[in-house]
Amino acid sequence: MAAGYMDILRTRHAARLLAGTLVGRLPNGTAHIAIVLFTRAEGGSYTLAGALAAAYGLATAVGQPLLGRAVDLYGQPRVQLPAAVVSALGMAVLALIGLASLPAACAAVVVAGVFTPPLEGGLRALWPTVLGREDRVHRAYAMDAVAQEIMFTVGPLLVTVLVSLRSPATALLVINALGVLGALSVVLSEPSRVWRSAPREAHWLGALRSPGLLALLGAFFFVGLALGSITVAGVAYADDQGRESVYGWLMAALGLGALIGGVVYGARQWAGAPERRLRIIVALLALGYLPLMLTPGVPAMTALAALAGVFLAPAIACSFIVVDRHAPQGTVTEAFSWLVTTFGVGAAAGTAVAGPAVELGGTAWSFAVAGAGGVAALLVLLATGRVLAAPGRTPAVVAGSENDRNGAAEPGFSSGHKA
């Protein structure tokens with residue numbers, strides 16, 4: 001199992017690109033925590049902290065596809081690094097001025113969010129160039145999903161350590177400085193410098209003109225909703241148990257399940273159409289969320305949380321393959337960025353819905369939101385099966401494709417569009 005991942009990491013540029021992307025995404029992965037801690041330290045209310053964090057999230061959702069389209073048009077270095085610098089400057093302004101001027105603080109947060117570089121989509125656009133064979137690219141997608149779980153675990157821990165050692169302002173500055181260094185490492189690499197998107201048809205909808213991509217985005221809005229609702233439901237469950245530490249156990253179990261699922265999924269080759277495989281994985285994901293409504297004792301609930309997480313990373317990894325098959329020519333980075341945006345908006349909606357669900361029906365109802373989100377995602381995939389069965393592109397990394405302008409790929413594996 002580990003041999004396949006080591007084979008990828010030993011490939012030239014692969015480890016650097018993965019590490020640089022993860023470090024570059026630290027600001028985005030930790031911003032909601034850092035902003036809340038900073039706002040509270042400055043004397044702001046929880047309402048203000050939540051509003052600023054939400055403003056950052058919405059700004060990021062707007063900026064990701066726009067910057068992704070810019071990357072497809074102008075290349076990675078000319079977009080990723082300047083965006084990372086501007087985003088970091090926005091957070092630096094917040095750290096330096098505090099809450100003395102709320103309009104300025106809000107503007108700084110919005111600037112930081114809008115200019116968050118689309119490193120995640122950029123990495124997935126680079127994998128075919130770096131790895132060549134289709135099976136290795138698919139395994140890299142799974143490794144990418146697993147690495148995200150690690151980043152979302154380590155990142156918040158790093159923020160809390162910096163806050164305890166110095167201050168929330170220091171955490172904002174350090175995390176965003178690291179983000180710039182990560183982006184710099186990526187854009188200075190050879191694959192990033194030479195990558196160019198395929199010529200694209202001029203269309204104001206860009207990647208969104210693909211019916212298959214729209215179907216996938218609709219499904220993953222509900223996957224995000226399910227995951228976002230669990231973060232609120234977990235707090236409610238911990239309150240019911242009278243122990244705040246229970247929340248940490250549930251989230252850790254969820255992350256552990258995702259790690260295990262992602263590692264196992266990426267360790268083997270899968271036959272058949274990825275769209276069909278995605279429907280099966282999402283069905284299993286929904287089945288994993290439904291038992292959480294039982295809210296048993298802590299040991300059993302922790303086990304259920306781990307089970308609920310098992311199919312999350314495989315679902316994300318498989319979705320990357322489907323995005324690559326359905327993204328219109330010349331829009332690969334934008335398409336991946338739309339997936340990130342839709343998932344994030346869904347997660348925000350999940351947190352918003354789960355709160356009232358707790359107040360109306362208790363903890364079980366908030367976990368029911370997660371189950372309903374999983375079922376809704378499956379229904380979207382089933383209802384759009386015919387659209388998803390006709391990909392707009394044939395994945396292939398051949399010389400001349402948008403992912404392999406330098407002929408780095410091996411013959412027979414295609415990941416670019418057919419004209």
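Here's a quick rundown of the structure. Numbering of residues starts from 1 in each chain and follows the order in which that chain's sequence is written. For a predicted model such as this one, the threshold for reporting local features is a pLDDT of at least 70, and the threshold for listing and counting side-chain atom pairs is 80 or more; totals across whole chains, interfaces and linings nevertheless cover every residue. Working from all heavy atoms in the structure, the side-chain values ignore hydrogens and water.

Within the chain, the secondary structure is distributed over 18 helices and 0 strands. Counting all 419 residues of the chain, 54% fall into the buried class. Any two residues having at least one pair of non-hydrogen atoms within 4.5 Å are treated as being in contact. In the chain, 79% of the contacts between residues at least 6 apart in sequence involve partners at least 24 apart. Per-residue and other accessible areas follow the Shrake-Rupley method at a 1.4 Å probe size, with only the shown protein chains counted as cover for residues. Within the structure as shown, the chain displays about 16800 Å² of accessible surface, and the carbon and sulfur contribution to it stands at 69%. Secondary structure elements are defined from DSSP: runs of H or I of at least 4 residues count as helices, runs of E of at least 2 residues count as strands, and each element is numbered from the N terminus. The cut-offs for exposure are 20% and 50% of the maximum accessible area for each residue type, with area from a 1.4 Å probe on protein chains only; residues under the lower value are buried, those over the upper are exposed, and the others partly exposed.

Looking now at the packing of helix H2 (residues 14-24) against helix H7 (residues 119-131). The angle between two axes is taken between their N-to-C directions and runs from 0 to 180 degrees, where each axis is a line fitted to C-alpha atoms and a helix contributes only its stretch in contact. Taken N-terminus to C-terminus, the directions of H2 and H7 make an angle of 175 degrees; their axes are 10 Å apart at the nearest point. Taken together, the axes of H2 and H7 lie roughly antiparallel to each other. Here Ala 14, Leu 17, Leu 18, Thr 21 and Gly 24 of H2 lie close against H7, whose contacting residues are Leu 119, Glu 120, Leu 123, Leu 126, Trp 127 and Val 130. Classification used: nonpolar for Ala, Val, Leu, Ile, Met, Phe, Trp, Tyr, Cys and Pro, charged for Asp, Glu, Lys and Arg, polar for all others including Gly. Class assignment for the residues of the contact of H2 with H7 results in 8 nonpolar, 2 polar and 1 charged. Any angle that falls under 35 degrees is termed roughly parallel, while one over 145 is termed roughly antiparallel, one within 65 to 115 roughly perpendicular, and all others oblique.

Moving on to unusual backbone geometry. Despite not being glycine, His 13 shows a phi value in the positive range, around 80 degrees. Inspection of the secondary structure assignment puts His 13 in the loop between helix H1 (2-10) and H2. Positive phi outside glycine occurs at Thr 295, with the angle close to 40 degrees. Inspection of the secondary structure puts Thr 295 in the loop between helix H13 (274-289) and helix H14 (298-309).

In the contact formed by helix H5 (residues 77-97) and helix H6 (residues 102-114), the axes pass within 7 Å of each other and the chain directions differ by 155 degrees. In terms of axis orientation, H5 runs roughly antiparallel to H6. The handedness of the crossing between H5 and H6 is left-handed. Residue-level contacts link Val 86, Ser 87, Gly 90, Met 91, Val 93, Leu 94 and Ile 97 of H5 to Ala 104, Ala 105, Ala 108, Val 109, Val 111 and Ala 112 of H6. Residues belonging to the contact of H5 with H6 are distributed by class as follows: 11 nonpolar, 2 polar and no charged. Crossing handedness follows the turn of the near helix against the far one: under a right angle anticlockwise gives a left-handed crossing, and clockwise gives a right-handed one.

Turning next to the pattern of salt bridges. What makes a salt bridge here is a side-chain nitrogen of Lys or Arg within 4 Å of a carboxyl oxygen of Asp or Glu, nothing more. Within this structure, the stated rule accounts for 4 salt bridges. Note that Glu 190 is salt-bridged to Arg 12, the shortest N-O span being 3.6 Å. One end of the pair, Glu 190, is in helix H10 (residues 190-194); the other, Arg 12, is in the loop between H1 and H2, and 178 residues separate them in sequence. Residue Arg 12 is classed as exposed on the basis of its relative accessible area of 60%. For Arg 25, the salt bridge identified is with Glu 120, shortest N-O distance 3.0 Å. Here Arg 25 is found in the loop between H2 and helix H3 (26-41), whereas its partner Glu 120 is found in helix H7, with 95 residues between them in sequence. Accessibility classification places Arg 25 together with Glu 120 in one group, the buried group.

Remark: nonpolar core denotes a set of buried residues (Ala, Val, Leu, Ile, Met, Phe, Trp, Tyr, Cys) joined through side-chain atoms within 4.5 Å. By size, the foremost hydrophobic cluster in this structure holds 105 residues, and its most contacted members are Trp 127, Phe 220 and Tyr 289. At 13 residues, helix H11 (residues 211-241) tops the list of elements feeding residues into this core. Excluding anything up to four places from it in sequence, Phe 220 contacts Leu 278, Ala 315, Ile 316, Ser 319, Leu 339, Thr 342 and Phe 343.

On to the packing of aromatic side chains. Working definition: rings of Phe, Tyr and Trp (its six-membered ring) pair if their centres are within 6.5 Å, and the pair is stacked with planes under 30 degrees apart, edge-to-face with planes over 60 apart, and tilted otherwise. Applying the stated criterion across every chain yields a total of 3 aromatic pairs. Ring plane angle 80 degrees and centroid distance 6.2 Å describe the contact between Phe 320 and Phe 336, whose orientation is recorded as edge-to-face. One end of the pair, Phe 320, is in helix H15 (residues 312-326); the other, Phe 336, is in helix H16 (residues 332-361), and 16 residues separate them in sequence. Judged by its relative accessible area of 1%, Phe 320 is buried. A residue is classified by how much of its surface remains accessible, and Phe 336, at 0% relative accessible area, is buried.

To continue, consider a nonpolar patch on the surface. Patch membership requires over 30% relative accessible area and the absence of a salt bridge. Like charges are linked within 9 Å, and nonpolar side chains (Val, Leu, Ile, Met, Phe, Trp, Tyr) within 5 Å. A cluster of nonpolar side chains, namely Val 93, Leu 96, Ile 97 and Leu 173, defines an oily patch on the protein surface of about 350 Å² accessible area. A per-element tally of the nonpolar patch places H5 first, with 3 residues. Following the sequence through the fold, Ile 97 ends up in helix H5.

A few words now on H5. The α-helix winds at 3.6 residues per turn, so residues separated by three or four positions along the chain end up facing the same way. Helix span, as expected, comes to 1.5 Å for every residue beyond the first. For H5, spanning 21 residues, the distance from its first C-alpha to its last is 30 Å, which sits close to the expected 30 Å at 1.5 Å a residue. Turning to H5, its buried residues number three or more, namely Val 79, Gln 80, Ala 83, Ala 84, Ser 87, Ala 88, Gly 90, Met 91, Ala 92, Leu 94 and Ala 95. Downstream of H5 by one or two residues, Gly 98 has phi in the positive range, about 65 degrees.

Turning our eyes to something else, we now look at the side chain of Gln 64. Along the chain, Gln 64 turns up in helix H4 (residues 46-74). Note on Gln 64: relative accessible area 5%, which makes it buried.

Take Thr 116: it is sitting in the loop between H6 and H7. Classification of Thr 116 as buried rests on a relative accessible area of 7%. Any N or O atom pair separated by 3.5 Å or less is treated as a polar contact, with the protein-specific requirement of one donor-capable and one acceptor-capable atom, and with residues adjacent in sequence counted only for side-chain atom pairs. Within the structure, Thr 116 has its side chain in polar contact with the backbone oxygen of Ala 112 (distance 2.9 Å). When sequence neighbours within four positions are dropped, the list of residues in contact with Thr 116 reads Asn 28, Tyr 56, Thr 60, Gln 64, Leu 67 and Ser 87.

What follows is about the environment of Ala 51. Along the polypeptide, Ala 51 turns up in helix H4. Linking Ala 51 and Cys 106, residues 55 residues apart in sequence, is a C-alpha distance of 9.0 Å.

This part takes up the environment of Val 340. With respect to the helices and strands, Val 340 occurs in helix H16. Between the C-alpha atoms of Val 340 and Gly 121, which are 219 residues apart in sequence, the distance is 8.0 Å. Leave out the neighbours within four places in its chain, and Val 340 touches Gln 64, Glu 120 and Arg 124.

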